[in-house]
Amino acid sequence: MSEGTGDAEVAVAVEGLSKAYGGRTVVDEVSFTVHKGEFFGLLGPNGAGKTTTLEMIEGLRRPDGGSVSLLGLSPWPRKTSLLTRVGVQLQSSAFFERLTAHEQLATFGALYGAHTGRTDELLALVGLTEHANTREDKLSGGQRQRLSIACALVHDPEVLFLDEPTASLDPQARRNLWDVLRGIKEQGKTIVYTTHYIEEAERLCDRIAILDGGRVIAMDTPTELVSGLERPTSMELPTNVIEIDELRKLPGVEEVTEEDGQVHFGAVDPGPLIHALTERGVAGSLRMRAASLEDVFLELTGREYRS
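Residues numbered from 1 in each chain as written. Predicted model: local features only at pLDDT ≥ 70, side-chain atom pairs only at ≥ 80, totals over all residues. Heavy atoms only, no water.

## Focus: helix α1 (residues 50–58)
Phase 1: By the criterion of burial, α1 is predominantly enclosed, with 8 of the 9 residues buried.
Phase 2: Three or more residues of α1 are buried, namely K50, T52, T53, L54, E55, M56, I57 and E58.
Phase 3: Backbone geometry just downstream of α1 places G59 in the positive-phi region, at approximately 90°. (Buried < 20%, exposed > 50% of the residue type's maximum accessible area, 1.4 Å probe, protein only. Helix = DSSP H or I, 4+ residues; strand = E, 2+ residues; numbered from the N terminus.)

## Observations regarding the layout of surface pockets
Phase 1: Its volume calculated, the largest pocket comes out at about 510 Å³.
Phase 2: Taken together, 23 residues line the largest pocket, and the ones lying closest to its centre are R78, V88, Q89, L90 and Y112.
Phase 3: Within this model, the second largest pocket holds a volume of roughly 310 Å³.
Phase 4: Around the second largest pocket, the lining comprises 17 residues; the ones closest to its centre are S234, M235, H264, F265 and R289.
Phase 5: The set of elements that each furnish at least two residues to the lining of the second largest pocket consists of β10 (233–238), β11 (254–259), β12 (262–267) and β13 (287–289).
Phase 6: Considering each element in turn, the lining of the second largest pocket owes the most residues, 4 residues, to β10.
Phase 7: Grouping the amino acids of the lining of the second largest pocket by side-chain chemistry returns 6 nonpolar, 5 polar and 6 charged. (1 Å grid on protein atoms, 1.4 Å probe; cavity = no way out; pocket = protein on both sides within 12 Å on 5 of 7 lines; lining within 4 Å. Points joined across faces, edges and corners; volume = space filled by probe spheres on them. Nonpolar A, V, L, I, M, F, W, Y, C, P; charged D, E, K, R; others polar.)

## What about the packing of aromatic side chains?
Phase 1: With the rule as written, the count across this model stands at 3 aromatic pairs.
Phase 2: Here the aromatic rings of F32 and F40 are separated by 4.9 Å at their centres, their planes lie at 20°, and the arrangement is stacked. There is no split in this pair, since F32 and F40 are both buried.
Phase 3: Lying across the ring of Y197, R174 places its NZ or CZ 3.9 Å from the centre. (Phe/Tyr/Trp six-rings, centres within 6.5 Å; stacked < 30°, edge-to-face > 60°. Lys NZ or Arg CZ within 6 Å of the ring centre and 35° of its normal.)

## What about the pattern of salt bridges?
Phase 1: Across all of its chains, the model carries 16 salt bridges by this definition.
Phase 2: Put simply, E136 and R144 hold a salt bridge, and the shortest N to O gap is 2.5 Å.
Phase 3: For E136, a relative accessible area of 9% puts it in the buried group.
Phase 4: Judged by its relative accessible area of 29%, R144 falls in the partly exposed class.
Phase 5: Close ionic contact of E236 with R287 constitutes a salt bridge, the shortest N to O distance being 3.5 Å. With E236 in strand β10 and R287 in strand β13, this residue pair connects regions lying 51 residues apart in the sequence.
Phase 6: Judged by relative accessible area, E236 falls into the buried class, the value being 17%.
Phase 7: With a relative accessible area of 57%, R287 lands in the exposed category.
Phase 8: Shared partners join several salt bridges into a network, and the residues in it are R175, E199 and R203. (Salt bridge = Lys/Arg side-chain N within 4 Å of Asp/Glu carboxyl O.)

## A look at the sheet that holds β10
Phase 1: The 4 strands are arranged β11-β12-β10-β13 in an open sheet whose pairing can be described as antiparallel. Since the sheet does not close on itself, it has two edges, and those belong to β11 and β13, each with one partner. Between one strand axis and the next, the sheet turns by 20° as a mean value, whatever way the strands run.
Phase 2: As judged from the 4 bridges shared by β11 and β12, these two strands associate in the antiparallel manner. In the strand pairing of β12, T257 is matched with H264.
Phase 3: Against the sheet, helix α10 (residues 270–279) makes contact with β10, β12 and β13, and its axis sits at roughly 15° relative to β10, the strand it touches most. (Pairing = 2+ DSSP bridges. Axes fitted to C-alpha atoms, helices over the stretch in contact; angles between N-to-C directions. Contact = heavy atoms within 4.5 Å.)

## Notes on the side chain of Q145
Phase 1: Along the chain, Q145 turns up in helix α5 (residues 141–153).
Phase 2: Every residue in contact with Q145, bar those within four places of it in the chain, is listed here: Q89, S93, E164, P165, T166, A167, L169 and L177.

## A few points about α10
Phase 1: Buried residues of α10: P270, L273, A276 and L277, and no others. Projection of α10 onto a plane perpendicular to its axis shows the buried side chains occupying an angular sector of 125°, all on one side. Away from its buried face by more than 90 degrees, α10 exposes H275 and E279.
Phase 2: Buried residues along α10 sit against β10, α9 (244–248), β12 and β13. (Arc of directions from axis to C-beta.)

## Considering unusual backbone geometry
Phase 1: Of note, the bond from W76 into P77 is cis; its omega dihedral lies within 30 degrees of zero at -10°.
Phase 2: The residue P77 is located in the loop between β4 (65–70) and α2 (80–83) in this model.
Phase 3: You will see that D260, though not glycine, has its phi angle at about 50°, which is positive.

See the structure below:
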């Protein structure tokens, strides 16, 4: 792809991207496009090729094959003109020693020549105003992750790359960071990020590319990925409210199993089945779960999800 070409509404265009180490292919003909203002996720287990793909897009690694266009430019060899337009948060963030959160941001801003007035604004955005004068090594894991994202935003980039920003965080800190990411998206930023948390990708992303074995095995909006599964709605009842043989005879029942005092079953069209259960007075004990993005992943890979 030639320099300075491409769709004005496209932030990232990846075509046939490949990378191998020691004869083992870790990224295999990966292609996708990210539009400006989009929250795009690379979802997959550890070893799927997510980080390597991201690093080639950022210009940190040289591709073995294929092409990348980042804001209309090829990021490799590294382009100094892209440095002020792109923000990067790596899996392992490095901070300046013995500096407070405010000082960290001010220092990063100075390196980019960014306006120092953004420091307080960014601390507020990531919920660290009260910790502005706290040294980085005294912050919690979640607070350090939020500070890392603020540092990636200090020069007001057009595109933000985040590599598993919620890894190793407890559930409360992870959900807190979700709110931060939503706030960044509302500012009109383009976000490309990797994760192996399925629920997170389902809640945050406009579109998702599912990677496994270095390949894109599916790509669409979370809703379309789930709706295309055509999988029965999962249901369960306590074993003491209905005989299994009777349940098997009801309309639309599929895949009946019993485990830990519960009967698990499915129905492609649950309406008639729910009506039949209501007539028998057991619908009040019924629990239902619609198909999810996790079901999509398991269906595509045919194995348990690897975290």
